[in-house]
Amino acid sequence: MLTLMSEHPAQRRTLAVLVAAQIFSGAGLAAGITVGALLAQDMLGSTGWAGLPSAMFTAGSAAAAVGVGRISQRAGRRAGLTLGYLTGALGSFGVVAAAVTGSLPLLFVSLIVYGAGTATSLQARYAGADLARPAHRARAISTVLVATTVGAVVGPNLTTPMANMAVRWGIPALSGPFVLSGVAYVLAALVLWVMLRPDPLVLAKQIADAEQPTEVVVTATPSRWSGSIVAGTTVMVVTQLVMVAVMTMTPVHMQHHGHGVGAAGFVIAVHVAGMYLPSLLSGMLVDRFGAGLVAVAAAGTLVAAGSAAAFAPPSSVAALAVALGLLGVGWNLGLVAGTTMIADATPVATRARTQGTVDVGIAVAGAGGGLGSGVVVAFADYPGLAFLGAAIALLIVPALAWAGRRPRVREESPIAG
């Protein structure tokens, strides 16, 4: 009888469909990130609130993470991911309408709804692991993440053309990239709804039900709050907080020193490439050396990124690109390591719901990083923000040590869950 200890025949098709959808979603995610802070600065007239868009759509992604997780648990990944991307598209078009009408309430609401696209893009990584063998689970997760690179790198570099097109349409220039986001999210939703068959989570449940489960041994703590889940969540929360904070204020920092939207788009493109391009390598490292060691490497990379951003000459686009590239790599290492910890620790019966709950913490951290970044820069400066991010990244190491001392939960089943 087939179990997930061997490669399921549907796994390759599942990864191919997820890759196609993530190419579109990457463009939707990155285009909005590039100009969100600049649009808010224009509409609100204050640098101190420039981090608000990031905070709003990451707060929205927290609610969406719960929704996508619960829908996926009940109806499968196909339904949850499709609805999530369609919601993100609705938010994107709402931002455009807010920019056209100058409506701040509509902007705030739309940014929250836009966050559903971010949450869904992250939830898709779990779908890649549903049918994966345990020994290849990190690589399956990283395959989905690396697919996001194509759209995520192209998206920011379309900022200037989309801004010019928006002007020709008679709408504010900075709303143009959000048009791209909306279209990209709709295309991602269509790919998943039409092609993600069989549904990987539904199939994994069917395999689990068909097997006679072996004895489950539970010790000390419920599996939902096991040391592995605490560790994985901590790693991803810290990396998200640091990454969002520094990333959000970099375009604003560049604009204040005379750089245009195109230059900011280039730096963000390098950053997003760092976020997703190393995914396959990160996955192989986790499978080979373990998630804990790779998480420590993530902390070190984030420290290097914060230091590089703090010392980068404001006039040097190249230096800022290097710093933001390192920031993306550190985030990638942390995300792949943390996600693997979570995927290894969650049984199929509660998998999507637990993963959605974990991603709420990640989204809240991103919201705090986005909102706090503007305040820090307003009262201090950009180098101060970068140094603070480097210091926070170091918290990963003691947090891993603490989580490692928690009693472990051992659950054994044919699904290798």
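Residues numbered from 1 in each chain as written. Predicted model: local features only at pLDDT ≥ 70, side-chain atom pairs only at ≥ 80, totals over all residues. Heavy atoms only, no water.

1. Here's the deal with the overall build of the protein
In terms of helices and strands, the protein carries 16 helices and zero strands. Looking at the protein as a whole, 57% of its 417 residues qualify as buried. The long-range share in the protein, meaning contacts at least 24 apart out of those at least 6 apart in sequence, stands at 88%. A total of about 15000 Å² of accessible surface is found on the protein, and carbon and sulfur atoms cover 70% of it. (Helix = DSSP H or I, 4+ residues; strand = E, 2+ residues; numbered from the N terminus. Buried < 20%, exposed > 50% of the residue type's maximum accessible area, 1.4 Å probe, protein only. Contact = heavy atoms within 4.5 Å. Areas by Shrake-Rupley, 256 points an atom, 1.4 Å probe, with all protein chains shown as cover.)

2. Considerations on the pattern of salt bridges
In this structure the tally under the stated criterion is five salt bridges. Between D130 and R77 there is a salt bridge, with the nearest N and O atoms lying 2.7 Å from each other. With D130 in the loop between α4 (104-127) and α5 (137-157) and R77 in helix α3 (residues 77-101), the pair connects residues that are 53 residues apart, well separated along the chain. Just as D130 is buried, R77 falls in that class too. Among the ionic pairs, D130 bridges to R351, the shortest N-O distance being 3.3 Å. You can see D130 sitting in the loop between α4 and α5 and its partner R351 sitting in helix α14 (residues 351-379), a full 221 residues away along the chain. Overlapping salt bridges, with partners in common, bring together R77, D130 and R351 in one network. (Salt bridge = Lys/Arg side-chain N within 4 Å of Asp/Glu carboxyl O.)

3. Some remarks on the nonpolar core
A general feature of soluble globular proteins is that nonpolar side chains tend to end up buried together. Membership of the largest hydrophobic core comes to 101 residues, with the highest contact counts inside it found for L192, Y276 and L327. Considering every element that reaches this core, the biggest residue donor is helix α9 (residues 227-256), with 15 residues. The residues touching Y276, leaving out its near neighbours within four places in the chain, are L29, L145, V146, T148, T149, A152, W331 and N332. Of all hydrophobic cores here, the second largest spans eight residues; its members include A10, L203, I207 and V348. (Core = buried A, V, L, I, M, F, W, Y, C linked by side-chain atoms within 4.5 Å.)

4. Here we look at the packing of aromatic side chains
Here the structure, examined in full by the defined rule, presents five aromatic pairs. With a centroid separation of 6.1 Å and 55° between ring planes, the pair formed by Y114 and Y185 is classed as tilted. With a gap of 71 residues between them, Y114 in helix α4 and Y185 in helix α7 (residues 176-195) connect regions that are remote in the sequence. Owing to a relative accessible area of 0%, Y185 belongs among the buried residues under this scheme. Look at Y276 and W331: their rings are 5.5 Å apart centre to centre, the planes differ by 70°, and that puts the pair in the edge-to-face class. (Phe/Tyr/Trp six-rings, centres within 6.5 Å; stacked < 30°, edge-to-face > 60°.)

5. Some points on the environment of H259
Along the chain, the position of H259 falls in the loop between α9 and α10 (261-276). Spatially, the C-alpha atom of H259 lies 8.3 Å from that of V317, the residues being 58 residues apart in sequence. Discounting chain neighbours no more than four positions away, the residues touching H259 are M254, P314, S315 and V317.

6. A few points about the packing of α9 against helix α15 (residues 382-393)
Each pair of packed helices gets described by two things: the angle between the helix axes and the distance between those axes. Where α9 contacts α15, the two axes come as close as 9 Å, and the packing angle between them is 170°. As far as their axial angle goes, α15 and α9 are roughly antiparallel. Contact with α9, carried on its side by V238, L241, V242, A245, V246, M249, T250 and H253, involves Y382, L385, A386, G389, I392 and A393 of α15 and no other residues of that element. Partitioned by chemical class, the residues of the contact of α9 with α15 number 11 nonpolar, three polar and no charged. (Axes fitted to C-alpha atoms, helices over the stretch in contact; angles between N-to-C directions. Parallel < 35°, antiparallel > 145°, perpendicular 65-115°, else oblique. Nonpolar A, V, L, I, M, F, W, Y, C, P; charged D, E, K, R; others polar.)

7. Describing α14
Over its 29 residues, α14 runs 42 Å from end to end, which matches the ideal 42 Å to within 8%, given 1.5 Å per residue. In α14, a bend of some 25° at G372 exceeds every other bend along the element. (Expected span 1.5 Å × (residues − 1). Bend = angle between axes of the 7 residues up to and from the residue.)

8. Description of unusual backbone geometry
Of note, the bond from R197 into P198 is cis; its omega dihedral lies within 30 degrees of zero at 0°. Residue position: P198 is located in the loop between α7 and α8 (200-210).

9. Things to note about the side chain of Q355
Secondary-structure assignment places Q355 in helix α14. Residues in contact with Q355, not counting those within four places in the same chain, are R77, Q123, Y126, I342, A343 and T346.

10. So, helix α6 (residues 159-169)
Of the residues making up α6, those classed as buried are T159, M162, A163 and A166. Looking straight down α6, one finds that the buried residues subtend no more than 105° of arc, so they occupy a single side. Exposed residues pointing more than 90 degrees away from the buried face of α6 are listed as V167 and R168. Positive phi appears at G170, one or two residues downstream of α6, with a value of about 85°. (Arc of directions from axis to C-beta.)

11. Notes on the environment of Q22
With respect to the helices, strands and loops of the structure, Q22 is situated in helix α1 (residues 10-44). Accessibility expressed as a relative area gives 2% for Q22, which makes it buried. Among residues more than four places away in sequence, those in contact with Q22 are Y85, S121, A124, V144, A147 and T148.

12. Here we look at the packing of α9 against helix α13 (residues 317-345)
Relative orientation of the contacting elements α9 and α13 amounts to 160°, with a least axis distance of 8 Å. As far as their axial angle goes, α13 and α9 are roughly antiparallel. In the crossing of α9 with α13, the sense of the turn from one axis to the other is left-handed. (Left-handed = near helix turned anticlockwise from the far one by under 90°.)

13. Description of a nonpolar patch on the surface
On the surface, F24, F93, V183, L187 and L190 cluster together into a nonpolar patch covering about 410 Å² of accessible area. Here L190 shows up in helix α7. (Patch = residues over 30% accessible without salt bridge, like charges linked within 9 Å, V, L, I, M, F, W, Y side chains within 5 Å.)

14. Here we look at the environment of V242
Inspection of the secondary structure puts V242 in helix α9. Residues V242 and G330, spaced 88 residues apart in sequence, show a C-alpha to C-alpha distance of 9.7 Å. Ignoring sequence-local partners within four residues, the contact set of V242 consists of L302, L327, G389, I392 and A393.

15. Topic: the confidence of the model for the protein
For the protein, per-residue confidence averages 85 on the pLDDT scale, and 88% of positions sit at 70 or higher. Looking over the protein, one finds the lowest element-wise mean pLDDT in α5, namely 81, and the highest in helix α12 (residues 291-311), namely 96. The model gives residues 214-223 a pLDDT under 50, and that stretch makes 23 contacts with residues more than four places away or in other chains. When the criterion is pLDDT under 50, residues 408-417 qualifies, and its contacts beyond four places in sequence or with other chains add up to 41 contacts. (pLDDT = per-residue confidence, 0-100.)

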